[in-house]
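# Topology and contacts: notes
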Amino acid sequence: MKVSATSAAQVVAQPPSNTTSAVPTIVDVDLGDRSYPIYIGSGLLDQPHLLQKHVHGKRVLVLTNTTVAPTYLDKVVSALTHGNPNVSVESVILPDGEKYKNMDTLMKVFDKAIESRLDRRCTFVALGGGVIGDMCGFAAAAFLRGVNFIQIPTTVMAQVDSSVGGKTGINHRLGKNLIGAFYQPECVLIDTDTLNTLPERELASGLAEVIKYGLIRDAEFFEWQEKNMPALMARDPNALAYAIKRSCENKAEVVSLDEKESGLRATLNLGHTFGHAIETGFGYGQWLHGEAVAAGMVMAVDMSYRLGWIDDSIVKRTLDILQAAKLPITPPETMTVEMFKSVMAVDKKVADGLLRLILLKGPLGNCVFTGDYDRKALDETLHAFCK
Ligand SMILES: NC(=O)c1ccc[n+]([C@@H]2O[C@H](COP(=O)([O-])OP(=O)(O)OC[C@H]3O[C@@H](n4cnc5c(N)ncnc54)[C@H](O)[C@@H]3O)[C@@H](O)[C@H]2O)c1
Ligand SMILES: [Zn+2]
C-alpha cells in the first residue's frame, strides 16, 4: 500500500484557491493494475491536464444533476476541452435526489450514451455527490461491458468516502444499493473549492464519515479532529484538505487490503447497521445518511462500553466530537426497539442467524467486526435509546 506521507499533527498547507498552478496532494489507491490516483486540492478544476491525462478516446459523457450543473458543469467541460479541441463532451443532467438513484434514471444515461453513439473508448465522468458517483460508476461498468470512468466528487461524503473504493450501484424498491458492481475509476479529482457551495447539513453529514475513520482505525486523526472541528465546520480550506486527504488514505488502505469486503472493509460500516435501521425506519430523505450514521455510531459505542470493551472516556469523546460537528447523538424519537430489530434482522450482515456488528474494542482507534458478543448488551443499548 502506497500512501503519500502524512503530517499528522498539523494542517497541510494548501495554496489559495485562485492559484491555478497549485500542486495537488495525491493519495494512491493501490489495486495492482487497477491502481489510481486521488488528486486533492484547491483550484484543481482549473488544471486541465489533471483530468485530460485520464481521458481515453475522444468522447466524454459527464453525468451530473440539476443542482450541481449550473455551478460546475461549464468548468468541467472547459477543463476537459481546454487546449484539446479533438475531445467532444456531452452531458446528462439528472434530477437531484436519492430517490432517482434507480434503474429508470440509469436507462436515461444509457439512452444518451447509445443515441450519441459512444463507443468502448469513451470516458464517463461523475460530477456530483455520492448519488451521481454511484450511478455513473455503475453505468460505466455496464455500458458496453465497461468503459473508462472518472470521479469528480463535490460533497464531503463523496470526497471522503463514496468516490473511493469502487463500490457503485443503484437502489431497488426493496432496499438501498442492492444492484451494483465493484468498478474502479481512472482517477478521482477532488477540488475542495466545490465545498463552498455545499449546504451546512450536507457538510456535517460527510464529517460523520470522517469521524468514523478516527474511531475505527486512526486515533491520531481523531485527536486532530477534536482540535480542528471548528475549523472544519467553518470550511477552513486547509483543514478540509487535510481531513479529506487523511480520510482517503484510510479508505484507500482498507480497500487495497480487502477490495471485495471479505472482512476488514466491513469495519468502514461502524454505526451503519443502527444507522441503516434509522434511515429505513424513519423513511429515506428525512435524515441524511451521515446523520443516521452519527446516531448509529453513538449506539455502537454505547454497546461497546456495555460489553466492557472500551472505557467511558471514548464514549464521552465520541459524543463531544459529534456535537461539535452539529450531528445527532440519538436516533429520532419515533424509533422503537422493534423497528431497529426488524431492519437489523434483514441487514446484509446477518450470517447464520447471527447479527455481526462493528464495535469498538481496546484503546481509541480499534474496532472489531463480530457476532461474538453478549446479546444482552444489544438489547440494553436498544432500550437505552428508544422509548
Ligand atoms: N459507493 C460507496 O462506497 C458509498 C459510500 C457512502 C455513500 N454512498 C452513497 O452516496 C450517496 C450519498 O452521497 P451524498 O451524501 O454525496 O448525497 P448526494 O449525492 O445526494 O448529494 C447531497 C446533496 O448535495 C448536492 N450537492 C452536491 N455537490 C454540491 C455542491 N458542491 N454544492 C451544493 N450542492 C451540492 C446534491 O445535488 C444533493 O442535493 C448515497 O446514495 C449513498 O448510498 C456510497
Ligand atoms: Zn456511510
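Parameters and conventions
- Residues numbered from 1 in each chain as written.
- Chains lettered and ligands numbered in written order.
- Predicted model: local features only at pLDDT ≥ 70, side-chain atom pairs only at ≥ 80, totals over all residues.
- Heavy atoms only, no water.
- Helix = DSSP H or I, 4+ residues; strand = E, 2+ residues; numbered from the N terminus.
- Expected span 1.5 Å × (residues − 1).
- Buried < 20%, exposed > 50% of the residue type's maximum accessible area, 1.4 Å probe, protein only.
- Phe/Tyr/Trp six-rings, centres within 6.5 Å; stacked < 30°, edge-to-face > 60°.
- Lys NZ or Arg CZ within 6 Å of the ring centre and 35° of its normal.
- Domains from an automatic or database assignment.
- Contact = heavy atoms within 4.5 Å.
- Buried area = accessible area lost by both parts, 1.4 Å probe.
- Salt bridge = Lys/Arg side-chain N within 4 Å of Asp/Glu carboxyl O.
- Axes fitted to C-alpha atoms, helices over the stretch in contact; angles between N-to-C directions.
- Parallel < 35°, antiparallel > 145°, perpendicular 65-115°, else oblique.
- Left-handed = near helix turned anticlockwise from the far one by under 90°.
- Pairing = 2+ DSSP bridges.

## With respect to helix H6 (residues 200–217)
Under the 1.5 Å per step criterion, the end-to-end length of H6 is 26 Å for 18 residues, consistent within 8% with the ideal 26 Å. The buried count for H6 comes to 14 of 18 residues, which makes it a mostly enclosed element.

## Structural notes on the packing of aromatic side chains
The geometry of an aromatic ring pair is captured by two quantities: the separation of the ring centres and the angle between the planes. Scanning the model with the defined rule gives seven aromatic pairs in all. On the basis of an interplanar angle of 20 degrees and a centroid distance of 6.4 Å, the ring pair of Phe149 and Tyr183 is categorised as stacked. Of this pair, Phe149 sits in strand E6 (residues 148–153) while Tyr183 is found in the loop between strand E8 (175–182) and strand E9 (187–191), placing the two residues 34 residues apart along the sequence. For Tyr183, a relative accessible area of 21% gives the class partly exposed. With a centroid separation of 4.7 Å and an interplanar angle of 55 degrees, the aromatic rings of Trp224 and Tyr242 are classed as tilted. Of this pair, Trp224 sits in helix H7 (residues 219–233) while Tyr242 is found in helix H8 (residues 237–257), placing the two residues 18 residues apart along the sequence. Here Trp224 matches Tyr242 in class, with each residue buried. One residue, Lys212, lies across the ring of Tyr213, its end atom 4.9 Å from the ring centre. The ring centre of Trp309 lies 4.1 Å from the NZ or CZ of Lys361, which sits over that ring.

## A look at the domain arrangement of the protein
Domain boundaries in the protein define domain 1 (5–197) and domain 2 (211–385). Taken together, the contacts link 34 residues of domain 1 with 30 residues of domain 2. For the domain 1 and domain 2 pair, buried surface summed over both sides reaches about 2800 Å², with 63% attributable to carbon and sulfur atoms. Linking domain 1 to domain 2 there are five salt bridges.

## Comments concerning the packing of helix H9 (residues 272–282) against helix H12 (residues 337–345)
Contact geometry of H9 with H12 gives a least axis separation of 9 Å together with a crossing angle of 110 degrees. As the angle between them shows, H9 and H12 are arranged roughly perpendicular. Seen from above, H9 lies across H12 with right-handed handedness. Taking contact as the criterion, the partners of Thr273, Phe274, His276, Ala277, Ile278, Thr280 and Gly281 in H9 are, on H12, Met339, Phe340, Val343 and Met344.

## Focus: the pairing of E8
With five bridges joining them, strand E7 (residues 167–172) and E8 adopt antiparallel strand pairing. Considered in E8, the bridge of Gly169 is made with Gly180.

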